[in-house]
Amino acid sequence: MEVRVIASFFGRPVGFAIGLPLMILMYMPMMPDFPMSYFQLIVSTPVFIYVSHPIFGAAYRSLKNKNLNMDVMYSLGIGVAYVASVFGTFEILLTQEFLFYETAVLLAAFLMLGRYLEARAKGKTSEAIKTLMGLQPKTAIIIREGKEVKIPIDDVIVGDI
């Protein structure tokens, strides 16, 4: 497995373990003296950086090669969600209604889960193809001069029966 796939394997549980409680906190009534937005910022920032680092790295490599792909779109989506949350926390957007910390973390976790599943499926497909290649016959029976002859598969030519 690649290093990125291993990172995505460990990034998924961390992202879900923090993102889901943040989502639950979003629906709970807020205490007037407790700054929930700052708490979410402090809790989600290290997790967001850890989980989304491979996504932003892939987007950077794509942009560096002058190529727009899904990694660029993913990084824009989770990046905007996180930056809007930071702006909302510090009231740069004049309201604290723009708190999407859990969204940014959970989206990154789901993306990494998808990458992990895709890499695992590709690995299984490669193994299956290698197994099928191993089932290829080593010899062939062909008819030459009216008789059946057993020859190596590499010696079969076009037109042999």
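Owing to the predicted nature of the structure, the values given are computational and were not obtained by experimental measurement.

Asks: How should I be thinking about helix 2 (residues 36-64) in this particular structure?
Replies: Owing to its 3.6 residues per turn, the α-helix aligns residues three or four sequence positions apart on the same side. The sharpest bend along helix 2 measures roughly 50° and falls at S52, with the proline P54 sitting one to four residues further on. Just downstream of helix 2, K66 is the residue with a positive phi angle, here 55°.

Asks: Explain unusual backbone geometry to me, please; I cannot follow it from the model alone.
Replies: It is generally the case that most residues other than glycine have a negative phi and that most peptide bonds are trans. In the Ramachandran plot, E91 falls in the positive-phi region, its phi being about 55° despite a non-glycine side chain. Looking at where E91 falls in the secondary structure, it is placed in the loop between helix 3 (70-89) and helix 4 (101-134). For E91, a relative accessible area of 49% puts it in the partly exposed group. For E145, which is not glycine, the phi dihedral falls at a positive 55°. Among the secondary structure elements, E145 is positioned in the loop between strand 1 (139-144) and strand 2 (147-152).

Asks: I keep staring at the pattern of salt bridges and nothing clicks. Help me out?
Replies: Close approach of charged atoms allows side chains of opposite charge to pair. All told, the structure shown has three salt bridges when counted by the stated rule. The partner of D160 in a salt bridge is R144, with the nearest N and O atoms 3.4 Å apart. Taken together, the residues span a long stretch of sequence, with D160 in the segment after strand 2 and R144 in strand 1 at a distance of 16 residues. What makes R144 partly exposed here is its relative accessible area of 36%.

Asks: Is there a simple way to explain the packing of helix 3 against helix 4 in this structure?
Replies: Two quantities define a packed helix pair, namely the angle between the axes and the distance from one axis to the other. For the pair helix 3 and helix 4, the least separation of the axes is 8 Å and the interaxial angle reads 160°. One finds that helix 3 runs roughly antiparallel with respect to helix 4. Helix 3 and helix 4 meet at a crossing whose hand is left-handed. In contact with D71, Y74, I78, A81, Y82, S85, V86 and T89 of helix 3, helix 4 contributes Y101, A104, L107, A108, L111 and R115. Within the contact of helix 3 with helix 4, the residues separate by chemical class into ten nonpolar, two polar and two charged.

Asks: What is the right way to look at the side chain of D71 in this model?
Replies: Structurally, the position occupied by D71 is in helix 3. Its relative accessible area of 17% is what places D71 among the buried residues. Once residues lying within four places of it in the same chain are set aside, the contact partners of D71 are I55, A58, A59, S62 and R115.

Asks: Just to check I follow, could you spell out the pairing of strand 1 for this structure?
Replies: Along any regular strand, the residues point their side chains to alternate faces of the sheet. Direction of pairing for strand 1 relative to strand 2: antiparallel, over a ladder of six bridges. When the sheet's bridge partners are listed, I143 is paired in strand 2 with E148. Counting the residues in the hairpin turn of strand 1 and strand 2 gives two residues, including E145, whose phi is positive at 55°.

So, how was this worked out
Residues numbered from 1 in each chain as written. Predicted model: local features only at pLDDT ≥ 70, side-chain atom pairs only at ≥ 80, totals over all residues. Heavy atoms only, no water. Bend = angle between axes of the 7 residues up to and from the residue. Helix = DSSP H or I, 4+ residues; strand = E, 2+ residues; numbered from the N terminus. Buried < 20%, exposed > 50% of the residue type's maximum accessible area, 1.4 Å probe, protein only. Salt bridge = Lys/Arg side-chain N within 4 Å of Asp/Glu carboxyl O. Axes fitted to C-alpha atoms, helices over the stretch in contact; angles between N-to-C directions. Parallel < 35°, antiparallel > 145°, perpendicular 65-115°, else oblique. Left-handed = near helix turned anticlockwise from the far one by under 90°. Contact = heavy atoms within 4.5 Å. Nonpolar A, V, L, I, M, F, W, Y, C, P; charged D, E, K, R; others polar. Pairing = 2+ DSSP bridges.

Such coordinate-based values are descriptive only and should not be taken to indicate function.
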